[in-house]
Amino acid sequence: MNAHTQAQGTLVIIGGHEDKEDECAILKEVAQLIGAGSLVVATVASHEPQGYFDSYKKAFSKLGLDSLSELYVEDRAETADKKKLEMLSNASGVFFSGGDQLRISSQIGDTPFETQVRKIFFDGGVIAGTSAGASAMGETMLIRGASAESHRIGDLHMAPGLGLVRDVIIDQHFAERGRIGRLLGAIALNPRILGIGIDENTAIIVRGRQFRVIGVGAVYIVEGAGVTSSNIAEAGADRTLSMFDVRLHVLSDGDRFDLDSRRPVSSVALEESQRLERLTHSGRAGNG
């Protein structure tokens, strides 16, 4: 399910609990991207989808997007249903609601449903996801792991995602549920990928290999490429994770990030940051 072709569409990846009552800034962005087209709200992540669609229908209707339909599949067999596939074939975008991200990948992965979602995306459409729907966007998903505490090495479970954005792993409800520890754990296991933690009522708008932050919270970027040491491979499952030289960026509304250079778009070169660090350390040594 990996996507290594240059994407043509737009991803709206939301940290959960997006505003549906007041300014609705994130949903307004989705509505503007859909324009005069139609949006399918895929409630497949939920075991009990009742009520999800109604809240989105009310919010999007207020924003002028009336061409809205719900799509739910109980099991993988339903992903080949002609009526459901026809609904996707006529859609300008798909919005994955919250629930359990493992239901998304296990129910629609490598099925005609996923094929249609990818076609929408690579034809220039919009794929949005909130909470579990956000986690499903990356190549790898966090599906289980403790929050609000330091990461224990054995306390993390991951699975393949839809791969609509490559080389990243995405976590949601990030600051609200104290998930920095488990994202660090995921990066320790695979330093090649970039960790993205998104707060509630906050989203990243991904076009190509850059994204822009919108919303009231923060987006945390964790990079492990420069990690010089960790105990992930040697320590027991109950041992607390240790990692040295992890790089962290914190972005807010309006900030942009380049996924290829792994740098905020408006930042100076990494070498300048490292030079400043050396000069700071040198100054401290001189004053000592």
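Quantities reported herein were computed from a predicted structural model and do not represent experimental measurements.

Reading the values: the criteria
- Residues numbered from 1 in each chain as written.
- Predicted model: local features only at pLDDT ≥ 70, side-chain atom pairs only at ≥ 80, totals over all residues.
- Heavy atoms only, no water.
- Pairing = 2+ DSSP bridges.
- Helix = DSSP H or I, 4+ residues; strand = E, 2+ residues; numbered from the N terminus.
- Phe/Tyr/Trp six-rings, centres within 6.5 Å; stacked < 30°, edge-to-face > 60°.
- Buried < 20%, exposed > 50% of the residue type's maximum accessible area, 1.4 Å probe, protein only.
- Salt bridge = Lys/Arg side-chain N within 4 Å of Asp/Glu carboxyl O.
- Axes fitted to C-alpha atoms, helices over the stretch in contact; angles between N-to-C directions.
- Contact = heavy atoms within 4.5 Å.
- pLDDT = per-residue confidence, 0-100.

**Some details on the sheet that holds strand 1 (residues 10-14)**
- An order of 3-2-4-5-1-10-11-16-17 is seen for the nine strands of this open sheet, with the pairing classed as mixed. Of all strands in the sheet, those with a lone pairing partner are strand 3 (68-71) and strand 17 (263-264), marking the two edges.
- Here strand 2 (residues 39-42) runs beside strand 3; their pairing, made up of four bridges, is parallel. Residue pairing in the sheet places V41 in a bridge with E70 of strand 3.

**Re the packing of aromatic side chains**
- For the structure shown, the criterion picks out six aromatic pairs.
- Relative to F95, the ring of F60 lies with its centre 6.1 Å away and its plane at 80°, an arrangement referred to as edge-to-face. Of this pair, F60 sits in helix 2 (residues 52-62) while F95 is found in strand 4 (residues 93-96), placing the two residues 35 residues apart along the sequence. Comparing F60 with F95 shows no difference in burial state: the two are buried.
- Residues F211 and F257 carry aromatic rings whose centres are separated by 5.5 Å and whose planes lie at 25° to one another, so their mutual orientation is stacked.

**Quick notes on the pattern of salt bridges**
- Scanning the entire structure with this criterion turns up 14 salt bridges.
- Of the charged contacts in the structure, one is a salt bridge between E18 and K20, with a shortest N-O distance of 3.7 Å.
- Look at K20 and you get partly exposed, because its relative accessible area is 23%.
- Measuring nitrogen to oxygen at the nearest pair gives 4.0 Å for the salt bridge that ties E78 to K84.
- Through salt bridges with shared partners, a single ionic network connects E139, R166, D167, R192, R209 and D260.

**What about the sheet that holds strand 9 (residues 194-198)?**
- Spatially, the six strands line up as an open sheet ordered 7-6-8-9-12-15, and their pairing is mixed. Looking along the sheet, the strands with just one partner apiece sit at the ends: strand 7 (156-160) and strand 15 (247-251). On average, each strand axis in the sheet is tilted by 25° relative to the strand beside it, whichever way the strands run.
- One ladder, built from five bridges, connects strand 9 with strand 12 (residues 219-223); its direction is antiparallel. Opposite I198, over in strand 12, you have V219 as the bridge partner.
- Across the sheet, helix 4 (residues 101-108) lies against strand 6 (138-145), strand 7 and strand 8 (165-172), angled at about 130° from strand 6, the strand it touches most.
- Contacts from helix 7 (residues 180-189) reach strand 6, strand 7, strand 8, strand 9 and strand 12 within the one sheet, and its direction differs from that of strand 7 by about 60°.

**Quick notes on the confidence of the model for the chain**
- Mean pLDDT for the chain: 91, with 94% of residues reaching 70 or above.
- This model gives residues 1-5 a pLDDT under 50, and the stretch forms 19 contacts once residues within four places in sequence are excluded.

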